[in-house]
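Fold and contact review
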Amino acid sequence: MEIKEEGASEEGQHFLPTPQANDTGDFQFTSIQKTPNEPQLEFILACRGLSRPARDRGRRPREPNALVQVSVAQPAAPGPTRYASTEVVEGTRDPLFLTGVTFPSDYPIYEETKIKLTVYDVKDKAHDTVQTSVLPERQDPPPEAGRSFLGYASFTVGELLRSKEQLLALSLRTSDGGKVVGTIEVSVVKMGEIEDGEADHVTTDVQGQKCALVCECAAPDGGSGKENLPFLNAVLKNPVCKLYRFPTSDNKWMRIREQMSESILSFHIPKELISLHIKEDLCRNQELKELGELSPHWDNLRKNVLTHCDQMVNMYQDILTELSKETGSSFKSSSSKGEKTLEFVPINLHLQRMHVHSPHLKDALYDVITVGAPAAHFQGFKNGGLRKLLHRFEMERRNTGYQFIYYSPENTAKAKEVLSNINQLQPLIATHADLLLNSASQHSPDSLKNSLKMLSEKTELFVHAFKDQLVRSALLALYTARPGGVPKKPPSPKSSADDSCPQDAPPPVGRQDSIPHHSDYDEEEWDRVWANVGKSLNCIIDMVDKLIARDGASEGGGGSSKDGEKDASPVDPITAHPKEDWYEQLCPLICALKDCMGEVVNRAKQSLAFVLLQELAAGLPQCLMLTLRRDVVFSQALAGLVCGFIIKLHTSLHDPGFLQQLHTVGLVVQYEGLLSTYSDEIGMLEDMAVGISDLKKVAFKIIEAKSNDVLPVITGRREHYVVEVKLPARMFEVLPPPVREGQLLHVHPVLFNVGINEQQTLADRFGDVSLQESINQENFELLKEYYAVFMEKMPPDYISHFQEQNDLKGLLENLHQNIQAKKRKNVEIMWLAATICRKLNGIRFTCCKSAKDRTSMSVTLEQCSILRDEHQLHKDFFIRALDCMRRMPHRECTEECQMQKVCFQHATADGFPQVLPTSRGDLWKS
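Residues numbered from 1 in each chain as written. Predicted model: local features only at pLDDT ≥ 70, side-chain atom pairs only at ≥ 80, totals over all residues. Heavy atoms only, no water.

All right, on to the overall build of the protein chain then. Helix and strand content of the protein chain: 27 helices and 19 strands. Burial statistics for the protein chain: of 926 residues in total, 55% are counted as buried. Sequence separation of 24 or more characterises 78% of the internal contacts of the protein chain that already satisfy a separation of 6 or more. Split by element, the accessible area of the protein chain, about 39200 Å² in all, is 50% carbon and sulfur. (Helix = DSSP H or I, 4+ residues; strand = E, 2+ residues; numbered from the N terminus. Buried < 20%, exposed > 50% of the residue type's maximum accessible area, 1.4 Å probe, protein only. Contact = heavy atoms within 4.5 Å. Areas by Shrake-Rupley, 256 points an atom, 1.4 Å probe, with all protein chains shown as cover.)

This is the structure we're talking about:
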């Protein structure tokens, strides 16, 4: 099983020896030479000529089922500490172990460090105990542990490193140190070197050597891999490492280092998001308060809405306060998924990385992000998830009757967008207007032109934001909500056209009465006020052109007089005092522009805030609860996405094709869901589908880090977020110019779900699977759209790189056929979607309810399949490699669970498709 143990942050402490004397300077130990960010020491083990275990009463003599437990004794330490163990190799006296031992770069190991190897015979693997770090080392395990002591050997790290070819052959002796019961070989390995010799002496008979357990090495805060990791180490922590060697089809060795790391983004991203939500909601509440005087009906609704909104803001602030106190663990275990203060935090978010070094393809990295399905577990699923709840809420809003004014979700979103644009553009226009005046005071034509260009661009965007009919209709609705408000004439496009230029039009209303009341209201007044902004800008442009033209003519006249021509023309008053006159000519026009803009902003803000009031008032308290639920789900999804984006960017930073794809078409982000369509998991899937779809609102922007703080920063609002990813200067320089200049980078999330457990069996036979089918079909269309854009915009030579091994078009057609087939537990959908994602340089996610059992089985199967398809893993070792990667307690195991060796829930495994589990007898009984 994949290394899935949620107790790693606590358990890792057992792997770390207690502080040694050399920390205080009393002793001097010899450090071993190491490559930066590479493990300090890795070795593999093999035994020769093991003695047969004592015959059990009434049983035949048998060959030993060997397991090696590795313990570490630091110099001057009181005793050894369990560090790792190998897999069990059954039925042979000459076991060759496929799992190795790795000491990460930050682990305190010296030449004087002593390593003890204890060999056990595992009598009954179903009752054996994985004890790598849970307890301090003690004497031989009791008989009920299911294994018996065979022998031990020990050596120091210095002896191993100084030995010939860095290979030791040690005699295994009994506990009294007398009898020799066999030999154990210790060989240093390095990922960057091809192991000498062939692997044909390893038996492929499953009955002869069958893997039952694997080793586990929990590392201190460090990493592995040849890439430069300081940037990633700021995001990842508590890595758990495993080392394997597997034979290839041509009897060579490949080496695999598996690493799983937590991410501090699990808590960082939710805190960033909640802060934005609080800021956005406070601003909205203030806009509602500034609506002005309303009729009693609407005023009471506003008071009710503000009461509920203030309560929501207080709740968000309390959650943020509690999250700020979380300074220990960097991830949330599934046992905490029902805690309210942690509901914004993703469940079990980890990076699962496989680093492969083989004779055929050196230093290949395969990453997948594993995380619990984004869902609102604290709020529960009694009434379904977001997909159903949002649809039901929308239908109820349509039938609210005369008490409210119905605005579609699209109009409500448009109102939020316009308000956001107003808040962004108004200060920018004011700034550029002041810069224009500054250029005028300096009498600088070039600076004046540049300032005018920027002012024109921002003002045009500002004017364009109000072209929508929504503002006009909202103004009329707001007027009718005033005390005694009656429209002067009914809204009719024809009447507006006929009376667009009335001869006796009333004078413009002053800013102190920006929303006219009673008979003062004129529907076309908004058009005039709105158009005044554009007219004011045109006046400024005309004046600047005149000033520059006069300045040019004056300079031309001065040049002629220098040539000897008589200059009898009088002095132009504009050129006599250029600085004062330029400023004085433009200042009134700039003030007029600001006044017109302020009047437009005041009217638009109030009218659009009234639109938002309708959405809130029509659905209290369901509207706010749905907003909360959506925020919770989105927060969990975004934390995983940001983690995956940063890792993908770091891994592919030196790939020019990837960087071009990143800013040309964006990245596809593929989520593999393993939720069933039964009971509560239906609600989880509905939440997950909406949360992943909402990720379309996210764009990334890469900026240069100005300090050691490289954690991402989020800006924006609920309808549009920008995640600023910081890169150190040396990495930032590698990026193409458009990315360095701040171009927004987009992602294209898709979700494909296939239920695989026993609950899905019930849903297939007696329930409804239409939700899963519709989600898969909808997301296939999104994936096909991305593929079409990819083929259109990417250069042909880059596309051919992706077509070498598998035709993407053929894979898409095959995926579509499998989705249409509606086959039960069709895991082919998962395979095809994952393959297409990797071929398109995308980001891979695997999710189930808690990112444990189902996620582990899927990820390990994918890893072994990659080894088989991409690195020529020997076909006879596929199952054994799969067993090696799977059979460890998952991260959720407490110490008691680890002592009992619970691996998968038996009932859960019964429902898995045949391809996912190994034989039923190999699963530990719960």
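Once that is clear, we can look at the nonpolar core. Within the largest apolar cluster, 85 residues are counted, with the highest numbers of intra-cluster contacts made by Phe 462, Phe 466 and Leu 586. At 17 residues, the largest contribution of residues to this core is made by helix α13 (residues 578–617). Setting aside residues up to four positions removed in sequence, Phe 462 forms contacts with Leu 425, Ile 429, Val 533, Met 597, Val 600 and Val 601. (Core = buried A, V, L, I, M, F, W, Y, C linked by side-chain atoms within 4.5 Å.)

Following the criterion strictly, the structure yields 30 salt bridges and no others. The closest approach of N and O atoms between Arg 718 and Asp 631, which form a salt bridge, is 2.9 Å. Separated by 87 residues along the polypeptide, Arg 718 in the loop between β16 (713–717) and β17 (720–727) and Asp 631 in helix α14 (residues 622–651) bring together distant segments of the chain. Summarising the burial analysis for this pair, Arg 718 and Asp 631 share the class buried. Arg 844 is the partner of Glu 862 in a salt bridge, and the nearest nitrogen-oxygen pair spans 2.6 Å. (Salt bridge = Lys/Arg side-chain N within 4 Å of Asp/Glu carboxyl O.)

It is worth spelling out helix α7 (residues 409–441) at this point. The first and last C-alpha atoms of α7 sit 48 Å apart over 33 residues, in line with the 48 Å expected at 1.5 Å per residue. Following α7 by one or two positions, His 443 adopts a phi angle in the positive range, close to 55°. (Expected span 1.5 Å × (residues − 1).)

This part covers the pairing of strand β3 (residues 81–85). Counting buried residues in β3 gives four out of five residues, a clear majority hidden from the surface. Of the pairings in the sheet, the one linking strand β2 (residues 66–73) to β3 comprises four bridges and is antiparallel in character. If you follow Ser 71 over to β3, its bridge partner there is Arg 82. (Pairing = 2+ DSSP bridges.)

Moving on, we come to a nonpolar patch on the surface. Together, Tyr 678, Leu 762 and Phe 766 make up an exposed nonpolar region whose accessible area comes to about 330 Å². Within the element layout of this structure, Phe 766 appears in helix α19 (residues 758–766). Relative accessible area serves as the criterion here: at 70%, Phe 766 is assigned to the exposed category. (Patch = residues over 30% accessible without salt bridge, like charges linked within 9 Å, V, L, I, M, F, W, Y side chains within 5 Å.)

One way to put it is that α7 packs onto helix α8 (residues 445–464) with a least axis distance of 9 Å and a crossing angle of 160°. On the basis of the axis angle, α7 is roughly antiparallel to α8. In the packing of α7 onto α8, the handedness of the crossing is left-handed. Side by side, α7 and α8 meet where Leu 425, Leu 428, Ile 429, His 432, Ala 433, Leu 435, Leu 436, Ser 439 and Ala 440 of the first sit next to Ser 447, Leu 448, Ser 451, Leu 452, Met 454, Leu 455, Lys 458, Thr 459, Leu 461 and Phe 462 of the second. Here the residues of the contact of α7 with α8 sort into 13 nonpolar, five polar and one charged. (Axes fitted to C-alpha atoms, helices over the stretch in contact; angles between N-to-C directions. Parallel < 35°, antiparallel > 145°, perpendicular 65-115°, else oblique. Left-handed = near helix turned anticlockwise from the far one by under 90°. Nonpolar A, V, L, I, M, F, W, Y, C, P; charged D, E, K, R; others polar.)

Right, let's get into unusual backbone geometry. For the bond from Leu 620 to Pro 621, the omega torsion is -10°, close enough to zero to count as cis. Counting through the fold element by element, Pro 621 comes out in the loop between α13 and α14. Located in the positive-phi region is Ser 679, a residue other than glycine, with phi close to 55°. Here Ser 679 is to be found in the loop between β14 (667–673) and α16 (680–693). For Ser 679, a relative accessible area of 46% gives the class partly exposed. Phi angles above zero are rare outside glycine, and Gln 872 is one such case at about 60°.

What follows deals with the packing of aromatic side chains. Overall, the coordinates contain 13 aromatic pairs when judged by the stated rule. Here the aromatic rings of Phe 43 and Phe 103 are separated by 6.3 Å at their centres, their planes lie at 40°, and the arrangement is tilted. Within this pair, whereas Phe 43 is found in strand β1 (residues 41–48), its partner Phe 103 is found in strand β4 (residues 101–103), the two being separated by 60 residues in sequence. The residues Phe 43 and Phe 103 share a single accessibility class, namely buried. Between the aromatic rings of Tyr 83 and Phe 103, the centroid separation amounts to 4.6 Å while the plane-to-plane angle is 10°, which identifies the pairing as stacked. Pair noted here: Tyr 83 is in strand β3 and Phe 103 is in strand β4, with a separation of 20 residues, a long-range link. Through successive ring pairs, a cluster of aromatic residues spans Phe 43, Tyr 83, Phe 103, Tyr 107 and Phe 155. When the ring centre of Tyr 152 is taken as origin, the NZ or CZ atom of Lys 116, which lies over that ring, is 5.3 Å away. (Phe/Tyr/Trp six-rings, centres within 6.5 Å; stacked < 30°, edge-to-face > 60°. Lys NZ or Arg CZ within 6 Å of the ring centre and 35° of its normal.)

Turning to the environment of His 443, a few remarks are in order. Secondary-structure assignment places His 443 in the loop between α7 and α8. Between the C-alpha atoms of His 443 and Ile 548, which are 105 residues apart in sequence, the distance is 9.5 Å.

On to the packing of helix α5 (residues 296–324) against α14. Closest axis-to-axis distance for the α5/α14 pair is 11 Å, and the angle between their directions is 25°. When the interaxial angle is binned, α5 and α14 end up roughly parallel. Crossing of α5 over α14 shows right-handed handedness. Here His 308, Cys 309, Met 312, Met 315 and Tyr 316 of α5 lie close against α14, whose contacting residues are Leu 624, Thr 627, Leu 628 and Asp 631. In terms of residue class, the contact of α5 with α14 is made up of six nonpolar, two polar and one charged.

On to the environment of Asp 106, then. Take Asp 106: it is sitting in the loop between β4 and β5 (114–122). Taking the relative accessible area as the measure of exposure, Asp 106 reaches 44% and is therefore partly exposed. In this structure the C-alpha to C-alpha distance between Asp 106 and Glu 38, which are 68 residues apart in sequence, comes to 9.3 Å.

With that out of the way, let us pick up the side chain of Thr 174. Locating Thr 174 in the fold gives a position in the loop between β7 (167–173) and β8 (180–188). The buried category is assigned to Thr 174, whose relative accessible area is 17%. A polar side-chain atom of Thr 174 sits 2.5 Å from a polar atom in the side chain of Asp 176. With residues up to four places along the chain from it excluded, the contact list for Thr 174 reads Phe 149, Leu 150, Tyr 152, Lys 179 and Val 181. (Polar contact = N/O pair within 3.5 Å; in protein donor to acceptor, adjacent residues only side chain to side chain.)

A separate point is the confidence of the model for the protein chain. On average, residues of the protein chain score 79 in pLDDT, and 76% of them reach the 70 mark or higher. Long-range and interchain partners of residues 889–908, a stretch whose pLDDT sits below 50, account for 69 contacts in this model, where long-range means more than four residues apart. Across residues 918–926, where pLDDT falls below 50, the model places 19 contacts with residues more than four positions away in sequence or in other chains. (pLDDT = per-residue confidence, 0-100.)

This paragraph deals with the environment of Asn 285. With respect to the helices, strands and loops of the structure, Asn 285 is situated in helix α4 (residues 265–289). Of the residues examined, Asn 285 reaches a relative accessible area of 2% and is grouped as buried. Distance in space between the C-alpha atoms of Asn 285 and Arg 302 is 9.8 Å, their sequence separation being 17 residues. Residues contacting Asn 285, with those up to four places away along its chain left out, are Leu 306, Cys 309, Asp 310 and Val 313.

Moving on, we get to the side chain of Arg 302. Examined against the element boundaries, Arg 302 turns out to sit in helix α5. What makes Arg 302 buried here is its relative accessible area of 9%. When residues no more than four places from it in sequence are discounted, the contact partners of Arg 302 are Leu 288, Lys 289, Leu 291, Gly 292, Leu 294 and Leu 613.

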